[in-house]
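What the coordinates show
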Amino acid sequence: MASGTDWHDTSQHPTRVKRRAHWTSRMGFILAATGSAIGLGNIWKFPYITGVYGGGAFVLVYLGSVIIVGLPLMIAELIIGRRAQENPVGAFQRLHRDGSPWQIAGWLGVASGFVILSFYSVVAGWALAYIFKALVGFEGTADQIQGQFSELVGSPTWSILWHTIFMTLTVGIVVGGIRNGIERWSKILMPALFIILFGLMFYGLFFTHGGMKAISFLFNPDFSKLSAEGVLSALGHAFFTLSLGMGAMITYGSYMKSDARIVQDAITISFLDTLIALMAGLAIFSLVFSYGLEPGVGPGLIFQTLPVLFAETGQLISVPFFMLLTFAALSSSISLLEVVVSYFVDERGWGRTKACLIMGTLIYLLGLLSAVSALKLVYGDWETGFFDLFDYFSTNYMLPVGGLLICLFIAWVVKDKVRAEEFGSAGRLYKATVLTLKYITPIAVLLVILHGLELIPFVEYGQ
Ligand code: PHE
């Protein structure tokens, strides 16, 4: 539960006069922010899109995107949050003026947190379910094992049950507040995640026959395999995986104390996020190659392909793997909920518990639409499930548009306030970051948005 010293004193005016909670230490902040960044994006999505887009060359573009788009934007979000000491909506007002139109970026962020968490929790629920499936053991023919996934996704009862459990865990942690909830749990989940992943990577590299092949698949670029679409997807993924464009880093930054070292911390977080994605890639592809399987099967890579291999490797590998996935998802889902909750606590004066329970419930209810895969939106010939719709809409539009507004705001609107002092001992990076935020990041982000709209002329759309 929220402790008195841990959160706002809401007996005073809710928005401006308050005592804000702060992380207990720099390490606490880094672990929480890294926890937000490391999630399903790293362990589920990164490996499968790397497989789809052909390996090494895609990885290289992705690394470039993290440095050119991700890092400057993360610095921008942390600066906004730390300076304003407010939730995303309040932060834009505080740094600009009350009623500033830039608060739209904050609203968009809160809305993104709401929508993303609704379907994120459904996938995380599958991960949770798979811990138990792995404990029981995967048995039968490859088709039967793969079929378990369609059964889970196709069963409203099971999907909803796991979604319910996962949302309950998320709300349970966020109710505890910044120090006793988010930071405390990040300090447990992150090291556990690292140890498990290290073990799995070690196993993949040294105890299977696929290790060398996995290394060369990920690190030996073959540019003939790289498509324009791959480049744009790498850019888009850099956003999602670093939790950018929706104010998660503004929110976490707002719990930083003013002597925080933003640039160094942003570098550390981006580095760790990338490291974990690459380690997950190595672990997964070693297994995939050791059984001579295809890396490019798409989203089913983790829930369908791997379980077939886990039938051979046994529980010692499969159970930790799905625990890893669940831990990663949980430390991200709490940051998604925190963005929404911080808005209601700061701006509406709600208590933390009330905000968590009400918003958690509403997000949960929205998630039911994604959990029941049989529910479809039909419009003429066009038909789509809610899950795909929410995923597509948030990753392709909401996060990039939010990111664009954030970088334009910091580079063109509050530019005078962002002085070299924010950069502290990293002063040399100041000019480069501001320049990137002014010109390069907005153009790159604009490309991602146009790509989402399928409007880039040299990319072939329409499969
Ligand atoms: N970064 C998380 C992941 O990789 C997802 C996320 C996006 C979390 C946006 C918070 C905000 O899975």
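Small disclaimer: the values here were computed from a predicted structure and weren't measured. (Residues numbered from 1 in each chain as written. Predicted model: local features only at pLDDT ≥ 70, side-chain atom pairs only at ≥ 80, totals over all residues. Heavy atoms only, no water.)

**With respect to the packing of aromatic side chains**
- Under the counting rule described, the total for this entry stands at 40 aromatic pairs.
- Centre to centre, the rings of tyrosine 130 and phenylalanine 322 are 5.1 Å apart; their planes meet at 45°, and the pair counts as tilted. With tyrosine 130 in helix α5 (residues 103-136) and phenylalanine 322 in helix α14 (residues 315-348), the pair connects residues that are 192 residues apart, well separated along the chain. The pair formed by tyrosine 130 and phenylalanine 322 is uniform in burial state, with each residue classed as buried.
- Joined through ring pairs, the aromatic side chains of Phe119, Trp126, Tyr130, Phe138, Phe149, Phe303, Phe310, Phe321, Phe322 and Phe387 make up one cluster.
- If you follow lysine 45 out to its NZ or CZ, it ends over the ring of phenylalanine 240, 4.9 Å from the centre.
- Between lysine 133 and the ring centre of tyrosine 130, over which it is positioned, the NZ or CZ distance is 5.8 Å. (Phe/Tyr/Trp six-rings, centres within 6.5 Å; stacked < 30°, edge-to-face > 60°. Helix = DSSP H or I, 4+ residues; strand = E, 2+ residues; numbered from the N terminus. Buried < 20%, exposed > 50% of the residue type's maximum accessible area, 1.4 Å probe, protein only. Lys NZ or Arg CZ within 6 Å of the ring centre and 35° of its normal.)

**So, the environment of serine 286**
- Looking at where serine 286 falls in the secondary structure, it is placed in helix α12 (residues 262-290).
- With 147 residues separating them along the chain, serine 286 and threonine 433 place their C-alpha atoms 37 Å apart.
- Once residues within four sequence positions are removed from consideration, serine 286 is found in contact with Gly204, Leu205, Thr208, Gly210, Gly211 and Ala214.
- A distance of 2.5 Å separates a polar atom in the side chain of serine 286 from the backbone oxygen of leucine 282. (Contact = heavy atoms within 4.5 Å. Polar contact = N/O pair within 3.5 Å; in protein donor to acceptor, adjacent residues only side chain to side chain.)

**Quick word on the packing of helix α4 (residues 88-95) against α14**
- Two elements in contact, α4 and α14, have axes separated by 8 Å at closest approach and are oriented at 55°. When the axes of α4 and α14 are compared, the pair comes out oblique. Contact with α4, carried on its side by Pro88, Val89, Gly90 and Gln93, involves Val339, Ser342, Tyr343 and Glu347 of α14 and no other residues of that element.
- Looking at side-chain class alone, the contact of α4 with α14 contains four nonpolar, three polar and one charged residues. (Axes fitted to C-alpha atoms, helices over the stretch in contact; angles between N-to-C directions. Parallel < 35°, antiparallel > 145°, perpendicular 65-115°, else oblique. Nonpolar A, V, L, I, M, F, W, Y, C, P; charged D, E, K, R; others polar.)

**Some thoughts on empty space enclosed by the protein**
- In the structure shown here, the tally under the stated rule is three cavities of 30 Å³ or more.
- The computed volume of the largest cavity comes to approximately 150 Å³.
- Surrounding the largest cavity, 18 residues form its lining, Ser36, Tyr120, Phe240, Ser243 and Leu336 being those nearest its centre.
- Elements with a minimum of two residues in the lining of the largest cavity: α1 (26-37), α5, α10 (228-241) and α14.
- Class assignment of the residues belonging to the lining of the largest cavity gives a composition of 11 nonpolar, seven polar and no charged.
- Of the volumes computed, that of the second largest cavity is approximately 80 Å³.
- Taken together, Leu40, Trp44, Lys45, Phe119, Tyr120, Val123, Phe240, Phe387 and Asp391 make up the full set of residues lining the second largest cavity.
- Elements with a contribution of two residues or more to the lining of the second largest cavity: α2 (40-52), α5 and α16 (386-413).
- Taken together, the residues of the lining of the second largest cavity sort by class into seven nonpolar, no polar and two charged. (1 Å grid on protein atoms, 1.4 Å probe; cavity = no way out; pocket = protein on both sides within 12 Å on 5 of 7 lines; lining within 4 Å. Points joined across faces, edges and corners; volume = space filled by probe spheres on them.)

**Re the pattern of salt bridges**
- Throughout the structure, instances matching the rule amount to five salt bridges.
- Note that aspartate 346 and arginine 20 form a salt bridge whose closest N and O atoms lie 3.2 Å from each other. A residue pair is termed long-range when its members are at least 10 positions apart, and aspartate 346 in helix α14 and arginine 20 in the segment before α1 qualify at 326 residues.
- In this structure arginine 20 comes out as buried when scored by relative accessible area, which is 10%. (Salt bridge = Lys/Arg side-chain N within 4 Å of Asp/Glu carboxyl O.)

**As for α4**
- Of all eight residues in α4, seven are buried; the element is thus mostly enclosed.
- All of the buried residues along α4 are Pro88, Val89, Gly90, Ala91, Phe92, Gln93 and Leu95.
- Along its buried surface, α4 packs onto α3 (56-84), α5, α11 (248-253), α14 and α16.
- One side-chain oxygen at the N-terminal end of α4 lies 3.0 Å from the backbone nitrogen of valine 89; it belongs to asparagine 87.

**Points about the confidence of the model for the chain**
- Looking at the chain as a whole, its pLDDT mean stands at 89, while 92% of the residues score no less than 70.
- Confidence drops under a pLDDT of 50 for residues 1-17, and excluding neighbours within four residues, the segment shows 43 contacts in the predicted structure. (pLDDT = per-residue confidence, 0-100.)

**A look at the nonpolar core**
- Residues Ile302, Phe303, Phe321 and Phe322 are the most contacted members of the largest nonpolar core, which totals 160 residues.
- Looking at which element gives the most residues to this core, the answer is α14, with 18 residues.
- What phenylalanine 303 contacts, discounting residues up to four positions off in sequence, is Trp44, Val123, Trp126, Ala127, Tyr130, Phe149, Phe322 and Leu325. (Core = buried A, V, L, I, M, F, W, Y, C linked by side-chain atoms within 4.5 Å.)

**With respect to the pairing of strand β2 (residues 382-385)**
- Pairing of strand β1 (residues 376-379) with β2, which is carried by four bridges, proceeds in the antiparallel orientation. Within β2, the residue paired with tyrosine 379 across the bridge is tryptophan 382. (Pairing = 2+ DSSP bridges.)

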